[in-house]
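Survey of secondary and tertiary structure
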Amino acid sequence: MAAAGSPGVFLLAVNGQIESGQFPGFDDLYCKFCFVYGQDWVPTAGLEEGISQITSKSDVAPTTLVWNFPIDITFKSTNPSGWPQIVVSVYGPDFFGNDVVRGYGAVHVPFTPGRHTRTIAMFVPESTSRLQKFTSWFTGRRPEFTDPKVVAQGEGREVTRVRSQGFVTISFNVVTKDMKKLGYDVSPSDMQNPSLVPVTEGIHKY
């Protein structure tokens, strides 16, 4: 338990950017992001979701789509359960000019303070039959999630057929406040086991 007089909440401040993506065979893509978090978490500042500009590959970086789209949000919480995740969805035109999803992915906000870079392996849902594949291609209505937040949740994912497609790189700058006062140590020495370890339970030194 936290000592008497300690604050009842801790803060997590996150900024950074969705830097770039690699999607072989696709161009003119944009991305959306949103945060998913537990019921004890409350955003206090910043944006929970956003949509980037459309970007194209260049001669300088023929395989990379550069967005450099900023993210900035602050949370408060009473416990680390439900630690925030960022969900990224990437969209672009198909052969007929319709906007279709080119990838979904999610990653937890890093636990430790400092600067971090994460590369997310993206995926897309697939039709379950050849007829559905042809129909979705012909009509321009590809399989996609009605709510991208499902990507960060486990319910029903085991019955969804997906295919890997592309990567997205995100940089994070993370600052926490009052976590140690509540009995949680997220110092870099815990990175060998990236779970939150209560100080009162003791921390093994490796």
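The name given to the protein chain in an unreviewed UniProt entry is B9 domain-containing protein 1, with the source organism recorded as Accipiter nisus. Listed in UniProt under the heading Function (unreviewed entry), the comment for the protein chain reads: "Component of the tectonic-like complex, a complex localized at the transition zone of primary cilia and acting as a barrier that prevents diffusion of transmembrane proteins between the cilia and plasma membranes. Required for ciliogenesis and sonic hedgehog/SHH signaling." Of the protein chain, the UniProt comment under Subcellular location (unreviewed entry) reads exactly: "Cytoplasm, Cytoskeleton, Cilium basal body".

Taken as a whole and judged by the stated rule, the model has three salt bridges. When the shortest N-O distance is used, the salt bridge between Glu19 and Arg115 registers 3.7 Å. With Glu19 in strand E1 (residues 10–22) and Arg115 in strand E8 (residues 114–125), this residue pair connects regions lying 96 residues apart in the sequence. With a shortest N-O distance of 3.2 Å, Lys177 and Asp178 are connected by a salt bridge. For Asp178, a relative accessible area of 17% corresponds to the buried category.

Criteria and thresholds
Residues numbered from 1 in each chain as written. Predicted model: local features only at pLDDT ≥ 70, side-chain atom pairs only at ≥ 80, totals over all residues. Heavy atoms only, no water. UniProt positions renumbered as here; feature names shortened; annotations may be inferred. Salt bridge = Lys/Arg side-chain N within 4 Å of Asp/Glu carboxyl O. Helix = DSSP H or I, 4+ residues; strand = E, 2+ residues; numbered from the N terminus. Buried < 20%, exposed > 50% of the residue type's maximum accessible area, 1.4 Å probe, protein only.

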